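The lines below spell out each chain.
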Amino acid sequence: MISKCLSVNEQGNLTIGGADTVQLARKYGTPLIVYDEETIRNNCRMFRTSIEKHCSSGGLALYASKAFSCREIYRIINQEGLGADVVSGGELYTALSAGFPAEKIFFHGNNKTEAELQFALKNNVGRIVVDNLEELKLLNNIAKELVRTAKILLRIKPGIDAHTHEFIKTGQIDSKFGFALETGEAFTAVNTAAGFSNLELTGLHCHIGSQIFDIEPFCLAAKVMTSFIAEIKQKLGLVISELNLGGGYGIKYLGSDNPKEYPEFIECVAKTVEASCGELSIDVPKLFFEPGRSIVGPAAITLYTAGSVKTIPGIRTYVSVDGGMTDNPRYALYKSPYEIVVANKADKPRDFVATIAGKCCESGDLLQENAPIQNPEPGDIIAVLATGAYNYSMASNYNRIPRPAVVMVNCGEDRLIIKRETYEDLVRNDI
Ligand code: LLP
């Protein structure tokens, strides 16, 4: 199994966190997203302890909550001592409403609205990661009106072209995010920020992309960023004391994926920063990392009920399930690979090849093509593995399909953390 929290019990059923997935499907209905709490907590601890061990000037992991945002996840992240990265007023609201400490929140986004910035400042959000010059001016004005100083980081494009899907790489010059280094835009931004009386520039941020397996591009980005910190000190006499290197560590979606252990990432990157700072004779900054997928991705599965099993002779077999792109648009968007298991036949060999289709009126509504699974029959419980990141958070109501329920399991015990949407929910805002 691709994740330690998954196993097969005596009945031949797939289990997650010690809970029988067939029983969970029966109890809560399908589609159902099930998270294992222990996996989430262990992942948090792994980041926390390796940062404590390897970052000589201190640091903090900020959970990138776009991967999965709801009150319960912010509570768990807070209990584990992590900070959070939010990218919208909505994520910020959810975090605050769960009692997440505002000072440990970093607010991102390439087009934050005036209302969002006001909301963030009024609630004393820890840092605002500023993306562009308009935002810099706007934020300074809002801070002035509110008679306070906003602590900011500037989002920099370090010019690193990471090997990942076109839509999820962000560090190269042609990206909508941040200030480019090559063009001098980043230096101008630092200079401008330093001149604003109601902003305090504490640090720099970069994020090179997502689902990246290599450590090398992260180390390269770290070197580029430390050199820029040295340049700022030399030319402007400004000390940048915080460096946020974003997230993006790849996870195991398939048995053949082989991501590095995350402590290895942290150690390598922290050592690179330290060595680079030594060479440049600058103080080592406090380091921040923003893991999203690697905290929650491997911790969940999605359970569906199979409806029709349609074989087109000589072509393929479609297994249609009661969810699809509305709860997991990642195959439709990125052709993302997933492992699929018939949960009530998990002890049987996966010797059948099927295309798993969703229920939307859309030919592209597929969860996976040509996936090896156990012999499928209508009524089977189909489990898609490693769906904890960017599934529920990217879910939609296309075709007016209600969003699924989300359950958390812990050592065999289950509890509902997000209710299933109802038809009444769907018409709630209709006039
Ligand atoms: N920090 C920043 C500034 C980011 O933009 C992101 C992800 C992260 C951290 C977290 O990256 P992670 O550790 O989760 O890779 N919807 C896509 C992923 C988009 C990622 C956007 N930014 C997907 O389903 O693969």
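Residues numbered from 1 in each chain as written. Predicted model: local features only at pLDDT ≥ 70, side-chain atom pairs only at ≥ 80, totals over all residues. Heavy atoms only, no water.

The subject of this paragraph is the domain arrangement of the chain. Think of interface size as the accessible area that goes away when the parts come together; that is how it is often given. Domains assigned within the chain are domain 1 (6–36 + 298–426) and domain 2 (108–291). One C-alpha centre belongs to domain 1, the other to domain 2, and the line joining them spans 36 Å. The interface is formed by 8 residues belonging to domain 1 together with 8 residues belonging to domain 2. With both sides pooled, the region where domain 1 packs onto domain 2 buries about 830 Å², and carbon together with sulfur makes up 65% of that total. Contact with domain 2 buries area across many residues of domain 1, yet Tyr-334, Pro-337 and Glu-339 alone supply 48% of it, more than any other trio. The interface formed by domain 1 and domain 2 includes 0 salt bridges. For the pair domain 1 and domain 2, the number of links is 1 residue pair in polar contact (both at pLDDT 80 or more). Tallied by class, the residues present in the side of domain 1 that touches domain 2 amount to 6 nonpolar, no polar and 2 charged. (Domains from an automatic or database assignment. Contact = heavy atoms within 4.5 Å. Buried area = accessible area lost by both parts, 1.4 Å probe. Salt bridge = Lys/Arg side-chain N within 4 Å of Asp/Glu carboxyl O. Polar contact = N/O pair within 3.5 Å; in protein donor to acceptor, adjacent residues only side chain to side chain. Nonpolar A, V, L, I, M, F, W, Y, C, P; charged D, E, K, R; others polar.)

What follows deals with helix α1 (residues 21–28). Taken together, the buried positions of α1 are Thr-21, Val-22, Leu-24, Ala-25 and Tyr-28. The buried residues of α1 occupy an angular sector of 160 degrees when projected down its axis, which confines them to one face. Looking at α1, the residues exposed on the side facing more than 90 degrees away from the buried face are Gln-23, Arg-26 and Lys-27. Regarding α1, its N-cap is Asp-20, as a side-chain oxygen of that residue lies 2.8 Å from the backbone nitrogen of Val-22 further along. Directly beyond the C-terminal end of α1, a positive phi value near 85 degrees is found at Gly-29. (Buried < 20%, exposed > 50% of the residue type's maximum accessible area, 1.4 Å probe, protein only. Helix = DSSP H or I, 4+ residues; strand = E, 2+ residues; numbered from the N terminus. Arc of directions from axis to C-beta.)

Time to look at the site of the ligand. Around the ligand, a shell composed of 19 residues is seen, among which Ser-210, Glu-290, Arg-293, Arg-330 and Tyr-390 lie nearest. One of the side-chain N or O atoms of Lys-66 is found 3.3 Å from an oxygen atom in the ligand. Contacts to the ligand include Ser-210, whose side-chain N or O atom sits 2.3 Å from an oxygen atom. Relative to its unbound accessible surface of 580 Å², the ligand loses 91% to contact with the protein. Its residues assigned to classes, the shell around the ligand comprises 6 nonpolar, 7 polar and 6 charged. When residues of the shell around the ligand are sorted by domain, at least three fall in each of domain 1 (6–36 + 298–426) and domain 2 (108–291). (Near = heavy atom within 4 Å. Areas by Shrake-Rupley, 256 points an atom, 1.4 Å probe, with all protein chains shown as cover.)

Once that is clear, we can look at helix α6 (residues 133–145). With 13 residues, α6 extends 19 Å from end C-alpha to end C-alpha; this agrees with the ideal 18 Å at 1.5 Å per step. Those residues of α6 that fall on the buried side of the exposure criterion are Glu-135, Leu-136, Leu-139, Asn-140, Ile-142 and Ala-143. Across the axial projection of α6, the buried residues extend over an arc of 165 degrees, all falling on one side. Along α6, the residues that are exposed and aim more than 90 degrees away from the buried face are Glu-134 and Glu-145. Turning to α6, the residues buried within the fold contact α5 (114–122), β8 (127–130), β9 (150–157), α7 (185–195) and β11 (199–205). A positive backbone phi angle near 50 degrees is found at Val-147, which sits one or two residues after α6. (Expected span 1.5 Å × (residues − 1).)

Time to look at the environment of Gly-314. Turning to its location among the elements, Gly-314 is positioned in the loop between β14 (300–312) and β15 (316–321). Gly-314 gets classed as exposed once you look at its relative accessible area, which sits at 88%. Along the backbone, Gly-314 and Pro-404 are 90 residues apart, and their C-alpha atoms lie at a distance of 34 Å.

Mapped onto the elements of the fold, Ile-2 is located in the segment before β1 (6–8). Separated by 352 residues in the primary sequence, Ile-2 and Ala-354 place their C-alpha atoms 20 Å from one another. Ignoring sequence-local partners within four residues, the contact set of Ile-2 consists of Lys-252, Tyr-253, Leu-254, Gly-255, Glu-339, Leu-385 and Ala-386.

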